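# Topology and contacts: notes
If you want the building blocks of each chain, they are given just below.
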Amino acid sequence: MKAIIDAVSHYNYFITFFLMVAGLYVVISRGNMIKKLIGLTLFQSSVYLLYVAPGKIIGGTAPIIDPAFKVYSNPLPHVLILTAIVVGVATLALGLALVVRINEAYGTIEEDEIFARDGEI
Amino acid sequence: MKAIEPHLPVLPVLIPLFGALFSAFFRRGASAWLVALVATWLAAAVSCWLLAKALATGMPISYQLGGWAVPWGIEYRVDVLNGFVGALVTTIGAVIMPYARRSVAHEIDQHVQAWFYTMYLLCMTGLLGITLTGDAFNVFVFLEVSSLSTYVLIAMGRHRRAVLAAYQYLIVGTIGATFYVIGIGLLYLVTGSLNLADISARLATAPPEFARPVVTALGFLTIGICLKLALFPLHVWLPNAYAYAPSVATVFLAATATKVAVYLLLRFFFTVFGAGIGLASVPIPELLFVFSIAAMFIASFSAAFENNAKRMLAYSSIAQIGYITLGIALANQSGLTGSIVHLLNHAIMKATLFMALGAVAFRLGVVQISDLAGLGRKMPVTMATFVVAGLGIIGVPGTAGFISKWHLALGALEKGMWPLVFAIVSSSLIALVYIGRVVEVAYFREPAAAANKAHDPPISMLAPMLLLAAATIWFGLDTRASVGIAAEGAKVLLGGLK
Amino acid sequence: MIPAPAPETLLFLALALPLCCALLLPFFHRSPNLRETVTLTFATLLAFTVWSLVPAILAGARPELSLARFSPGLEIAFKVEPLGMLFALVAGSLWLVNSIYSIGYMRGNDEPRQTTFYVCFAAAIAATMGIAFSKNVISLFLFYEVLTLSTYPLVTHKGTPQAMRAGRVYIGILLGTSILLFLPAIIVTWYFAGTLDFTVGGILAGKTDAGMLALLLALYVFGIGKAALMPFHFWLPAAMVAPTPVSALLHAVAVVKAGVFTVLKVIVYVFGIETLSNSGSADWLVWAAGSTVIIASLVALRQDNLKKRLAYSTISQLSYVVLAAAILTPISAIGAAMHIAAHAVAKITLFFAAGSIYTAAHKTEISELDGIGRRMPWTMTAFAVGALGMIGLPPTAGFFGKWFLLQGAMETGQWMTLCIVLVSTVLNAAYFLPIVFRAFFVAEPAARSQGDGQDGGHGEAPVPIVIALTTTAAATVLLFLFPGVPFALASMMIGR
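The model shown is predicted, which means the values in this text are computed figures rather than measured ones. (Residues numbered from 1 in each chain as written. Chains lettered and ligands numbered in written order. Predicted model: local features only at pLDDT ≥ 70, side-chain atom pairs only at ≥ 80, totals over all residues. Heavy atoms only, no water.)

### Looking at the overall build of chain C
Heads up, the condition is: Helical segments are the DSSP runs of H or I of at least four residues, strand segments are the runs of E of at least two, and each set is numbered from the N terminus. Here the globule rule reads 2.2 Å times residues to the power 0.38, and the radius of gyration is calculated from C-alpha atoms. The buried label goes to any residue with under 20% of its type's maximum accessible area, the exposed label to any with over 50%, and the partly exposed label to all in between, with areas taken from a 1.4 Å probe on protein chains only. Contact between two residues is taken to exist if any of their heavy atoms lie within 4.5 Å; hydrogens are not considered. Areas reported here follow the Shrake-Rupley algorithm with a probe of radius 1.4 Å; residue values treat only the protein chains shown as occluding. When charges are counted, Lys and Arg contribute as positive and Asp and Glu as negative, whereas His and the chain ends are disregarded. Working definition for charges: the position is that of NZ of Lys, CZ of Arg, CG of Asp or CD of Glu.
When its secondary structure is counted, chain C shows 20 helices and two strands. The C-alpha atoms of chain C give 21 Å as radius of gyration, which agrees with the globular expectation for 496 residues (23 Å, within 12%). If one aligns the C-alpha atoms of chain C with their principal axes, the spans along those axes are about 70 × 55 × 50 Å. Per-residue burial over chain C gives 64% buried out of 496 residues. Nonlocal contacts in chain C, meaning residues at least 24 apart in sequence, comprise 81% of its contacts between residues at least 6 apart. Surface summary for chain C: the accessible area is close to 16,400 Å², and the carbon and sulfur share equals 69%. Side chains of chain C give 27 positive and 21 negative charges; the mean places of these two sets differ by 3 Å.

Below is the structure:
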C-alpha cells in the first residue's frame, strides 16, 4: 500500500520520464526531419516538467514576503525553465530553418531519400 | 587598468558578445571582419592576463555577476585550469582571424559574410562562458549559445551536405545539451544549488540515501558532455560537421569546441563529483578506458581509410580525444597533466592541419586526398606546415604531440597499466599511416591539371599557419610553460579528490 | 696563433654547422657551383671542428650544452663522451669526403632536385651530430627520429613508384620500431631510474629485476631499428634505391652506425656492462646477433645486385657490433667501438666504388663486372682494400674489431661466438673476393671490349669520385697503422 502511495505521489516524475523516453524514441525512430524535431521538442519539454514540478509546494505561494503566508514555493526553477524554453524555441526555429534549406537543396525531408540521393554520409 | 581589473573574469565573455552584436550591423564582410579581429585579439589579451593573474595568485579568482552573493547569484570562478582553457580558446580564435578574411571571402557568399563573423564571435562567447562560469545552469545557456552558432557556422558550408550535417549535429547536440540539463536538474533536486563549488561542498555532506539520484545525474552529465566532446561511440556527428563546414569554422571548432567540452568533463568529474557520494559504485573510469582506447584505434583506422582529407582529420580528432579522455580515466598527476597539455597541443596541431587544408581549398576548391597530388612542390610552405603538424599528430619527439603522449604513458605506468603504454604508442603508428598517405600523394604524385597553377596562399593566410607550426615545434622542445600550467591544473583537479 | 676555442664552443659549432648549412643551402638554389662550395666549406669546417675537439676529450674534458628542458630531469642536452666523440669523428670526417664524391656522382648522373638532396643531407648530418653528442636517452631519441625523417626524402629521391615503396618500408620500420618499442623502453627506464642521463656504469643497477632487464633490453635492441637486427632489417636493402652517396654515407655510416652506436651506448651507459652480465639478461642477445651475422651473410652471397649485396653485408657487420656489445666484457666493448670506425671507412669505400661503377659504366649487377678492373683500376683497387677490411684481414682496420671481439669471447669462454665470427669471416670472403676476382682476372666480354655500345668505351669515373674513394681506401689502411685515436677513445669509454 505504501509503495502505491509513494508511486502515485511521485506521478509528476512518471509523466516526466514518459515524455522524455517518448520524445527520444521519436527522434531515433522517425526518418522525417520535421517529426524528428517534434520528438526533440517533446524530449526538451519533459525537462521543463522535471524542473518546474519540484519547485511548487502544495499550498505554497509566490515568495513575496507577507505575514499572511508561511509557505513559499521556490521560484528559481521556474526562472531557469523560462531560459530553457527560450533556448528550446531558438533550437526549434533553427532546426526548422535548416529543414527548409534541406528541402530546397534535396527536394525532400525524408532522411532515407536524402541518403539515397547523396550516398551515405 | 585598475578600474577594469576586478571585472577581468567576465570580460572575455563580454568582449566577443558585444563584438558579435556590432558585427551583425555591418553589411560588408570586411567591416565585420575588422570588428571580429579587434574583439578576438582583445579577448585573447584579457584571457592571457587573467591566466597570468590566476597563476600568480594560485587561488581561484571569484567574480559575482551583478553583485549577487554566491551561491544565489551567478559566479565566475577562474582558476589555473579554466584560465588556461580560456586563454587557449581566445588565442586560437585570435590567431585564426588574419587567416579568416581571405578564406571566408573565398568560401562564403558576400551577403552572409558579416553573419559568419557574428556567429564566429557568438560561438566564442559561448565557449568562453562555459569555461569561465562557476554556475551549472549558466553553463547550459552558454552551451546552447555556442551550439546554436556552431550549427549556423556549419550550415554555411558550400556543399549542400553542409546543411544536412548541421541538422544532424543539431539533433545530437540538443540531445546532449538536454541530457546535461537533466543531470543538473537532478543535482539541483538533491543539493538545492547551482553553483559548482557549492554543489561539490553539499554533495560531500549529502546523506547516503541520495546516492541514487546523484549517480543518475552523473550518468546524464557524462553522456551529455561526451556527446559534445565526441567521445567514441558518441562521435558520429563530428566527421560530417567538420568535413562540410567552411574551412575557418572547421579550424576554430576542431581546435576549441571539443576542448571546452573536455574541460567541462574534467570540472564535473573532479571538482564537482570528486568528493561526492556513491561514485565507487559506477565504473566510470573503466568505461572511459574502453571507449578511449576504442577511439584511439577505431577512429584512427577510419582516418586511414578515408578519402576526404578533411574527414580524415576529423576522424583523427576523435582519436586524439581518445588520448585526452584516457588521461582523464587514469586520474593521476601524470595522466591528467598529459590530458590537459594535449588540449593545447592538439588544438595547435589540428588547427595547423585544417588551416593547411583550408589553404588548399582556397586555391583548388577541393580537399579529396587525391586532389593534393603534387602540391608538395606547388604549395611548398602550406604542405610543409601540414607535415610538421602531421608529425606532431604522430607524436614524433621534438613536436608537441610527443610531450602529451610521454605524460600519458607515464601516467599509465604509474597506475601499473603496462599494456596501455603500448596502446598509446601503437595507435600513433596508425597516425603515421594516414599522415604518410597525404605526404606521399603530395610529394610523389604529379600534380593534376587543376593543381598546376596552384601556389601558396597570400601571406595573411600563411602567417597564422607558420606561427602555429612553429608552436608545434616550440611546445615540443620547451615545455616549461605548457606542461607547467597543465601540471598546476592537474593539481587543482586532484585537490578535489581528497 | 689563435688560442684554441673552449670545448663547449666546439661542441656548439659541431652541432650548429651542419644545421646552418642545411638552412643556407636553399638560398643558393640557382647556382650549383656556389651551392657545392657552401656544402664543402661547411663540411670542412665540421671536420676541422670535430678533430679539434679530440685533444680536449682525450685530456679528460667533458663539455656540456643544454638546449631545452621538458620537465625536471628531462632535457635536451649534449655532452661529449669518448664513444660519441669517436662516432662524430667518423661521421664528420666522412661527410667531407662524401660531399666531394656527391658532387661527382650527382652531376655525373644528372640527378634531379639536387638542392633538396644537399639540404636533407646536411640535416641528416646535423641529426647525426646530435645523436653522437646526446647527453641522455631522450635527446638521443629526438635526433634519432630527426635522422629518420631527414633521410626519408633522400631514400625516395628518385620519385619512382619503387622509390616510394622503399620509402614506405624505410619510414615504416624505422619510425615504427622506434615509436612502438624504443619509446616505451625509454618511458619505462625513466619510470624505474628517474633519470635518462648516460652514466658510466649504467642507471638501472639495482632498480629492477633480471626479467625486466631482459625485456627492456629487447625493447631497446629491437626498437633501435637502425641497428638492423633481424627481423627488423628490411629497411636497409630497401633504402638502396637512394642515390649512392646516400647509401654510402647514410646507410653505411651515419644511419646504421647511429643504430649500433645507440645500442652500444644503451648497453654501456644505461644498463651498465656489470649489471647486465651479473643478471644474465643479455645472453639471448648473443644468439640474436649471431644469427643475424650468419643469415645476412648467407643472403648476401645470393645477391647479384652489388648495392644489395653490400647492404646485406652491412646488416651482418652491424650485428658484429651488437654481438661484441652483448659479450659484455670491457675488451669486446672496445672491439665494438673500433668496429664502428673500421667498418665505416671500409664500407663507404665499397659503396663509393659501386657508385663509381654505376656512374662510369652504368652497371649495377655483379655478373656484369667481368674485367672492369682494367678499365677502372683505381675504383677496383679501392674496392679490394674495402673488401679486405670487411673480411678483417690486416693491413686493414677491420682487423682490430674482430680481434678484440674474439679476445672478449675467449676471455668469457663463449666458444659459440668464436665459431660465429670464424664462419662469418669465411662467408665474408666468399661474397667479396669473387667480385675482386671477376674484375681483375676474368676477361671482359668480347662485345664490350670493342667499345661499340653506348657504355662500351668508359674509363675511370669522374675525378671527384676517384679522389673520394682513394681517400677512404687509404683511411682503411691508415686506421690499421695508426689506431691510436679510436683506440684511446674506445678505452676511455669503459673507464680505462
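### Observations concerning the overall build of chain A
For chain A, the helix and strand inventory stands at five helices and zero strands. Listing every helix and strand of chain A by position from the N terminus yields α-α-α-α-α. Against the 2.2 N^0.38 benchmark of 14 Å for 121 residues, chain A shows a C-alpha radius of gyration of 20 Å, more extended than a compact globule. Counting all 121 residues of chain A, 34% fall into the buried class. On chain A, roughly 7,100 Å² of surface is accessible, and the fraction owed to carbon and sulfur atoms is 72%. Taking the average place of the 8 positive charges on the side chains of chain A and the average place of its 9 negative ones, the gap between the two points comes to 11 Å.

### So, the interface of chain A and chain B
Applied cut-off: Buried area: the sum, over both parts, of the accessible surface (1.4 Å probe) that disappears when the two are put together. Salt bridges are identified by distance alone: a Lys or Arg side-chain nitrogen within 4 Å of an Asp or Glu carboxyl oxygen. Whenever a nitrogen or oxygen atom comes within 3.5 Å of another N or O atom, the pair is scored as a polar contact, on the condition that within protein one atom can donate a hydrogen and the other can accept it, and that pairs from neighbouring residues in sequence are kept only if both atoms are in side chains. Classification convention: Asp, Glu, Lys, Arg as charged; Ala, Val, Leu, Ile, Met, Phe, Trp, Tyr, Cys, Pro as nonpolar; all other residues, Gly among them, as polar.
If you look at the interface, chain A gives 37 residues, while chain B gives 32 residues. Approximately 3,200 Å² of surface area, both sides summed, lies buried where chain A meets chain B, with 78% of it carried by carbon and sulfur atoms. Summed over the shared surface of chain A and chain B, the number is zero salt bridges. Where chain A meets chain B, there are five residue pairs in polar contact (both at pLDDT 80 or more). Going through the elements one at a time, helix H2 (11-29), helix H3 (33-55), helix H4 (76-106) and helix H5 (111-118) of chain A are the ones with two or more residues in the side of chain A that touches chain B. With 16 residues, the single largest contributor to the side of chain A that touches chain B is H4(A). Taken together, the residues of the side of chain A that touches chain B sort by class into 27 nonpolar, five polar and five charged.

### Examining empty space enclosed by the protein
What counts here: The way it works is a 1 Å grid over only the protein atoms, where trapped points that fit a 1.4 Å probe form a cavity and open points with protein on both sides within 12 Å along at least five of seven lines form a pocket, and then any residue with an atom within 4 Å of a point lines it. Grid points are joined across faces, edges and corners, and a volume is the space filled by probe spheres set on the points.
Following the criterion strictly, the structure yields seven cavities of 30 Å³ or more and no others. Taken as a whole, the largest cavity holds about 120 Å³ of empty space. If you trace the largest cavity, you find 14 residues lining it, with Leu127(B), Leu143(B), Ser146(B), Lys228(B) and Ala257(B) closest to the centre. The residue inventory of the lining of the largest cavity, partitioned by class, reads nine nonpolar, four polar and one charged. In this structure, the second largest cavity spans a volume of roughly 60 Å³. Every element with two or more residues in the lining of the second largest cavity is listed here: H3 of chain A together with helix H5 (136-155) and helix H6 (161-191) of chain B.

### Some details on the pattern of salt bridges
Counted according to the given criterion, the structure contains 14 salt bridges over all chains. Arg117(A) serves as the salt-bridge partner of Glu113(A), at 3.7 Å between the closest nitrogen and oxygen. Of this pair, Glu113(A) and Arg117(A) are both found in helix H5, four residues apart, which corresponds to roughly one turn of the helix. For Glu113(A), a relative accessible area of 35% corresponds to the partly exposed category. For Arg117(A), a relative accessible area of 46% gives the class partly exposed. Between Lys491(B) and Glu488(B) there is a salt bridge whose closest N-O contact spans 3.6 Å. A residue pair is termed a helical-turn pair when its members lie 3 or 4 positions apart in one helix, as Lys491(B) and Glu488(B) do in helix H19 (residues 480-495) at three residues. By relative accessible area, which is 49% here, Lys491(B) ends up partly exposed. The network of salt bridges with common partners includes Glu64(C), Glu75(C) and Lys135(C).

### Description of the interface of chain B and chain C
With 27 residues of chain B at the interface, the matching set in chain C holds 32 residues. Between chain B and chain C, roughly 2,800 Å² of surface is buried when both sides are summed, and carbon and sulfur atoms account for 81% of that area. The three residues of chain B that bury the most area against chain C are Trp406(B), Glu440(B) and Phe444(B), which together make up 24% of that side's buried surface. Our enumeration of links across chain B and chain C arrives at one salt bridge. Counting across the chain B and chain C interface gives two residue pairs in polar contact (both at pLDDT 80 or more). Mapped by element, the contributors of at least two residues to the side of chain B that touches chain C are helix H15 (380-394), helix H16 (400-414), helix H17 (418-444) and helix H18 (459-477) of chain B. The biggest single contributor to the side of chain B that touches chain C is H17(B), with ten residues. Residues of the side of chain B that touches chain C, tallied by class, amount to 18 nonpolar, five polar and four charged.

### Considerations on the packing of aromatic side chains
Quick reminder of the rule: Ring pairs are drawn from Phe, Tyr and Trp, using the six-membered ring of Trp, whenever the two centres fall within 6.5 Å, and their geometry is named by plane angle: stacked under 30 degrees, edge-to-face over 60, tilted for the rest.
Tallied over the full model, the rule gives 37 aromatic pairs over all chains. On the basis of an interplanar angle of 5° and a centroid distance of 4.0 Å, the ring pair of Tyr169(B) and Trp237(B) is categorised as stacked. Taken together, the positions of Tyr169(B) in helix H6 and Trp237(B) in helix H9 (residues 237-244) put the pair 68 residues apart, joining distant regions of the chain. The exposure class of Tyr169(B) is buried, given its relative accessible area of 6%. Aromatic side chains Trp418(B) and Phe192(C) sit 6.3 Å apart centroid to centroid with 35° between the ring planes, which places their arrangement in the tilted category. On the criterion of chain membership, the pair formed by Trp418(B) in helix H17 and Phe192(C) in helix H6 (residues 161-193) is interchain, its members lying in two chains. Residue class for Phe192(C) comes out partly exposed when judged on its relative accessible area of 24%. Through a chain of ring-to-ring contacts, three or more aromatic side chains come together here, namely Phe402(B), Trp406(B), Phe141(C), Tyr144(C), Phe182(C), Trp190(C), Tyr220(C) and Phe271(C).

### Here we look at the packing of helix H13 (residues 333-364) of chain B against H16(B)
All names here are of chain B. Note the cut-off: Each axis is a line fitted through C-alpha atoms, taken for helices only over the stretch in contact, and angles between the N-to-C directions span 0 to 180 degrees. Oblique is the label for any angle not under 35 degrees, not over 145, and not in the 65 to 115 range, which are roughly parallel, roughly antiparallel and roughly perpendicular in turn. Handedness of a helix crossing follows the sense of rotation of the near helix relative to the far helix, less than a right angle counterclockwise being left-handed and clockwise being right-handed.
At a minimum axis distance of 8 Å, the contact between H13 and H16 shows a crossing angle of 160°. Our classification of the angle between H13 and H16 gives roughly antiparallel. With respect to the hand of their crossing, H13 and H16 are arranged in left-handed fashion. Every residue of H16 that contacts H13 at Ser334, Gly335, Thr337, Gly338, Ser339, Val341, His342, Asn345 and Met349 is listed here: Ala400, Gly401, Ile403, Ser404, His407, Leu408, Leu410, Gly411 and Glu414. Residue composition of the contact of H13 with H16, by class: six nonpolar, eleven polar and one charged.

### A few points about the confidence of the model for chain C
All names here are of chain C. Heads up, the condition is: Each residue carries a pLDDT score, the predictor's own confidence in it, on a scale running from 0 to 100.
Overall, the predicted model of chain C reaches an average pLDDT of 81, with 95% of residues at or above 70. Within chain C, helix H18 (residues 446-449) has the poorest average pLDDT of any element, 56, and helix H5 (residues 137-155) the best, 87. Scored below 50 in pLDDT, residues 450-455 makes five contacts in the model with residues more than four places away or belonging to other chains.

### As for the state of the cysteines
The criterion, for reference: Cysteine sulfur atoms that pair up within 2.5 Å are treated as a disulfide.
For the structure shown, the criterion picks out zero disulfides over all chains. Considering cysteine sulfurs only, Cys123(B) is the nearest to Cys226(B), which forms no disulfide, with 19 Å between them. In this structure Cys21(C) is not part of a disulfide, and its nearest cysteine sulfur, from Cys20(C), lies 8.6 Å away.

### So, the nonpolar core
Keep this limit in mind: Definition used in this section: a nonpolar core is a set of buried Ala, Val, Leu, Ile, Met, Phe, Trp, Tyr and Cys residues joined via side-chain atoms within 4.5 Å. In this document the domain limits rely on a domain assignment from an automatic tool or a database.
Counting residues in each nonpolar core, the largest one holds 434 residues, and the members touching the most others are Tyr180(B), Phe268(B), Trp406(B) and Phe133(C). At 21 residues, helix H13 (residues 330-361) of chain C tops the list of elements feeding residues into this core. There are two domains that each give this core at least three residues, and those are domain 1 (1-281) and domain 2 (283-498) of chain B. Ignoring anything within four residues of it in the chain, the contact list for Tyr180(B) reads Ala136(B), Val139(B), Phe140(B), Leu143(B), Phe220(B), Leu221(B), Gly224(B), Ile225(B), Leu264(B) and Phe268(B).

### Notes on the packing of H15(B) against H17(B)
Residue and element names in this part refer to chain B. Remark: H15 packs on H17, axes separated minimally by 9 Å, with the N-to-C direction vectors making an angle of 165°. Classified by the interaxial angle, the pair formed by H15 and H17 is roughly antiparallel. Pair H15 / H17 crosses with left-handed handedness. On the side of H15, the interface is formed by Met383, Ala384, Phe386, Val387, Gly390, Ile393 and Ile394, while H17 contributes Ser428, Ala431, Leu432, Tyr434, Ile435, Val438, Val439, Ala442 and Tyr443.

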